[in-house]
Amino acid sequence: MKKTLCALLLGGILLTGCELHENIDVSIKRKAIVHLVYHYDNGHTETLDGVENIRLLIYNNGTGKLYRDTTLLREDFLRDTGAMQTYIPRGDYSFISWANTGSRTTLIPGNYATTTIATDETGADELMYGVCSTPVVKGDSLHMDIHFFKSVFKINVRVTGLGDLPYGEDHYFGIRNYNCIDMDNRPTGESKLLCPALTYDRGSLSGSFYTPFFLPDTPLCVGVYCDNAACAYTTLYETNIQEFADYAEKMLGRDVEINIDISIHSSGTTIRVSDWNGQIIQDEQFGI
């Protein structure tokens, strides 16, 4: 499915709920028309069904400074007549688009080199990224395709056997990963322990969450921890899942799901990591 967002970079008037951040003399003759067409290929079909909003950042490539920051809602970019109109001076620009920025996303725009998207301690939104760059001169009429790429992996977790442990309900699952993504869609920031809000039920933890995608050189690990001060330990079990990082690299940008099953029993802990098709990538046993 293709839908067209027309970003009509003209002079002065802003339509479809977008906000104009500066006063502009509408008599200025320099202007450009830029049509942006968004695509997302999930590996099977082209669709925008999972896109709820788009945060469009326009950067001047010469100075690195942010020129425009606009958020478009779904009804805006799916409507063929949806348009943003604004004056843009001649120069060389990057049009960076982030899809699905929500409550778990912190983006404080600034200089291109220093701006990052930060996730919160429970995980990330279902972020997607797209970019195109072009010089803009007087009278231009440009048509550009922006292809979205997933910036996150979906992780499905199930931890069993907690009911046999002291303070079983006080245990939680965590994954240590980079907590930020830069404007080139690269994981960055600090390596932090993300603790998703999973559901505890009769000795088991389960649920799903998103985390920034990881590469083979990412300092990555998963584990089960306890935050009860009376417990004899804070870390029950911890290991890396680097084998999956190597395997998933070929699917970067598309829909990647990781299934992590951790079983805690009297003789130790078993972890099984499988891919989106159920193929087991990592299967390990750890003794107590």
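Here, the structure is the one placed above.
Residues numbered from 1 in each chain as written. Predicted model: local features only at pLDDT ≥ 70, side-chain atom pairs only at ≥ 80, totals over all residues. Heavy atoms only, no water.

Chemist: Got a sec to walk through the packing of aromatic side chains? Specific residues and values, please.
Modeler: Overall, the coordinates contain nine aromatic pairs when judged by the stated rule. Taken together, a centroid distance of 6.2 Å and an interplanar angle of 65° make the contact between Y67 and Y93 edge-to-face. You can see Y67 sitting in strand 4 (residues 66-73) and its partner Y93 sitting in strand 6 (residues 91-99), a full 26 residues away along the chain. Residue Y67 is classed as buried on the basis of its relative accessible area of 18%. Exposure remark for Y93: the relative accessible area of 1% places this residue in the buried category. One aromatic cluster in this structure is built from F153, F213 and F214. (Phe/Tyr/Trp six-rings, centres within 6.5 Å; stacked < 30°, edge-to-face > 60°. Helix = DSSP H or I, 4+ residues; strand = E, 2+ residues; numbered from the N terminus. Buried < 20%, exposed > 50% of the residue type's maximum accessible area, 1.4 Å probe, protein only.)

Chemist: Give me the lowdown on the sheet that holds strand 18 (residues 257-265), citing residues and values where you can.
Modeler: Taken in spatial order, the six strands line up as 14-15-11-18-19-20 in an open sheet, and their pairing is mixed. Each edge of the open sheet carries a strand with a single partner, namely strand 14 (199-201) and strand 20 (280-287). Each strand axis lies, on average, 15° off the axis of its neighbour in the sheet, ignoring direction. When strand 18 meets strand 19 (residues 268-274), the two strands line up antiparallel, connected through seven bridges. Residue pairing in the sheet places N259 in a bridge with S274 of strand 19. (Pairing = 2+ DSSP bridges. Axes fitted to C-alpha atoms, helices over the stretch in contact; angles between N-to-C directions.)

Chemist: Before we move on, can you summarise the environment of G207 with the specific residues and values?
Modeler: If you trace the backbone, G207 turns up in strand 15 (residues 204-212). Taking C-alpha positions, G207 is 5.9 Å from N156, a pair spaced 51 residues apart along the chain. The residues contacting G207, other than those within four sequence positions of it, are I155, N156, V157 and L198. (Contact = heavy atoms within 4.5 Å.)

Chemist: Residues and numbers for the pairing of strand 12 (residues 171-182), please.
Modeler: The buried fraction of strand 12 amounts to nine of the twelve residues, a majority that puts the element mostly inside the structure. Pairing analysis gives three bridges linking strand 8 (residues 116-119) to strand 12, with the strands arranged antiparallel. Bridge pairing links I117 to I181 in strand 12. Judged from the six bridges that link them, strand 12 and strand 16 (residues 221-226) form a sheet pairing that is antiparallel. Along strand 16, the bridge assignment pairs F173 with V224. The sheet contact formed by strand 12 and strand 13 (residues 187-194) spans six bridges and is antiparallel. When the bridges of strand 13 are listed, I181 appears paired with P187. Counted along the chain from strand 12 to the antiparallel partner strand 13, the turn is four residues long, and its residue N185 has a positive phi close to 65°.

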